[in-house]
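Architecture at a glance
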Amino acid sequence: MTLRRYLRLGATAFVGLVVVSLVVGNLLGQPILLSYVETGSMAPTLNPGDGFVAVPPAVAGAVETGDVVTFRAEEIQGGGLTTHRIVGETEQGFVTRGDANPFTDQDGGEPPVRPEEIVAVAWQPGGSVLAIPHLGTAVQGLQGTMQTLQVRLAGLLGTRSLLGLQGFAYILFGASVVLYLLDLYLSDDTDRERTRKRDTGKSTRLLVGAMALGLVLAATAAMAAPAGSQEFTIISAEFDSDRPFVIRQGEQTTTQYAVGNGGLVPVVAYLEPGSDAVSIEPRELRVGPRSVANASVTLSAPPQTGAYRRYVVEHRYLAVLPQPVIRSLYRAHPWLPVVATDLLLAVPFYLIGTRLVGTGRIRSRTRESPSLPVRLYHRYR
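The paragraphs below set out a description of the structure included in this document. All values derive from a computational prediction rather than experimental measurement.

Side note on the overall build of the protein
A tally of regular secondary structure across the protein gives eight helices and 17 strands. Looking at the protein alone, contacts between residues at least 24 apart form 62% of all its contacts between residues at least 6 apart. Just so you have it, the protein exposes about 21200 Å², and 58% of that area is on carbon and sulfur atoms.

Thoughts on the packing of aromatic side chains
How two aromatic rings sit relative to each other is given by the distance of their centres and the angle of their planes. Summed over the entire model, instances satisfying the criterion amount to four aromatic pairs. Ring centres 6.0 Å apart and planes at 50 degrees place the aromatic pair Phe232 and Phe245 in the tilted group. Within this pair, whereas Phe232 is found in strand S9 (residues 228-237), its partner Phe245 is found in the loop between S9 and strand S10 (246-248), the two being separated by 13 residues in sequence. Judged by relative accessible area, Phe232 falls into the buried class, the value being 9%.

Considering the pattern of salt bridges
Going through the model one piece at a time under the given rule, you end up with eight salt bridges. Of the charged contacts in the structure, one is a salt bridge between Asp99 and Arg85, with a shortest N-O distance of 2.8 Å. Of this pair, Asp99 sits in the loop between strand S5 (94-97) and strand S6 (118-122) while Arg85 sits in strand S4 (residues 80-89), and the two are 14 residues apart along the sequence. One network of salt bridges, with partners in common, ties together Glu74, Glu110, Glu117 and Arg309.

Looking at the sheet that holds strand S15 (residues 291-300)
The strands making up a sheet associate through backbone hydrogen bonding, with each pair oriented either parallel or antiparallel. Read across the open sheet, the three strands follow the order S11-S15-S13; overall the sheet is antiparallel. Each edge of the sheet is formed by a strand with only one pairing partner; in this case those strands are strand S11 (252-261) and strand S13 (278-281). Neighbour-to-neighbour, the strand axes of the sheet open up by a mean angle of 25 degrees, direction not taken into account. Of the strand pairs in this sheet, S13 and S15 are connected by four bridges, and their pairing is antiparallel. Within S15, the position partnered with Glu281 by the bridge is Ser296.

Re the sheet that holds strand S14 (residues 284-287)
Read across the sheet, five strands follow the order S10-S9-S16-S12-S14 without closing on themselves; strand pairing throughout is mixed. The open sheet has two free edges, formed respectively by S10 and S14, since each of these has just one partner strand. Going from strand to strand, the sheet's axes swing by 30 degrees on average, the running direction of each strand aside. Pairing geometry for S9 and S10, over three bridges, is parallel. If you follow Ser236 over to S10, its bridge partner there is Ile247. Docked against the sheet, helix H6 (residues 323-332) engages strand S12 (267-273), S14 and strand S16 (306-318), running at close to 35 degrees with respect to S12.

Procedures and definitions
- Residues numbered from 1 in each chain as written.
- Predicted model: local features only at pLDDT ≥ 70, side-chain atom pairs only at ≥ 80, totals over all residues.
- Heavy atoms only, no water.
- Helix = DSSP H or I, 4+ residues; strand = E, 2+ residues; numbered from the N terminus.
- Contact = heavy atoms within 4.5 Å.
- Areas by Shrake-Rupley, 256 points an atom, 1.4 Å probe, with all protein chains shown as cover.
- Phe/Tyr/Trp six-rings, centres within 6.5 Å; stacked < 30°, edge-to-face > 60°.
- Buried < 20%, exposed > 50% of the residue type's maximum accessible area, 1.4 Å probe, protein only.
- Salt bridge = Lys/Arg side-chain N within 4 Å of Asp/Glu carboxyl O.
- Pairing = 2+ DSSP bridges.
- Axes fitted to C-alpha atoms, helices over the stretch in contact; angles between N-to-C directions.

Spelled out as structure tokens, the structure:
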């Protein structure tokens, strides 16, 4: 394989990674590798539709004044992910403001931002945010097209499993398999136009590896999509109330946390307090196929009255490994069970695939093989 082909494959893989990370991150509500802004509150640093490199807080380290962060807002535009700059710090949390705004978010009623509410930090090489113009605009268009496709396919096949992030992974994996088989079929057609000057071929290892990568993407999406932080807003009040999240100051309430599994593979879920004054029992749940398991979450109200946010963090894993193994890996690091599961699925798939189809090359005696649409045209014209 020539250097030019390696570069072409590398560029294609990079573009694919960028697109998938942006679409999946948007569906998850959690930036992955890249993110973008939708409003002009950060202009001129980031204009509407501009993208930026999103660094996880665990990698970025401690945030400080001057950092641009993405956090889960409570009041800004009705709540949701917001990207603004940290301009100060108080005992309650960080003070934030959009570069184009004349006042801080906290002046507008947003509570101070706590560290656990920050989901990403914008990369600032040389002290300035690295902006990627119009990246978000392109991704929003792609996401709209993808959602329309998912809805139509789900309606055609009569299944909801093709909706959401997990459905996106299924469609991506299925499309890669179909395109591979179609390309293989057309490559073996002896009636198509071709020259016989040079014997070339496609590496079966590369093709099986691409399919194994699709399997990993589907498995990772199945584990990552339902996971994340669940927010509970409680009111610390001076009186008793029948409302479940209005709690007398200094007291507590208990609510159920449901972990559902709509798939055919059992899952193991771990629940951790994402903020103070939260306790959970049990913290480890095994949920069978198409089943629901419940945990009890106890929320405590502080002595001071007011509204407070509490968080429960969920991590979920496909139960393809023994549960004690998953537990040990999880205690070492929450991402280790994901990596181990992906390897357990991908490595045997790759070994069996290369065993079945061989490790040679799929021959096509042509110097420059026509594109897939051209081959379809010549076959069925």
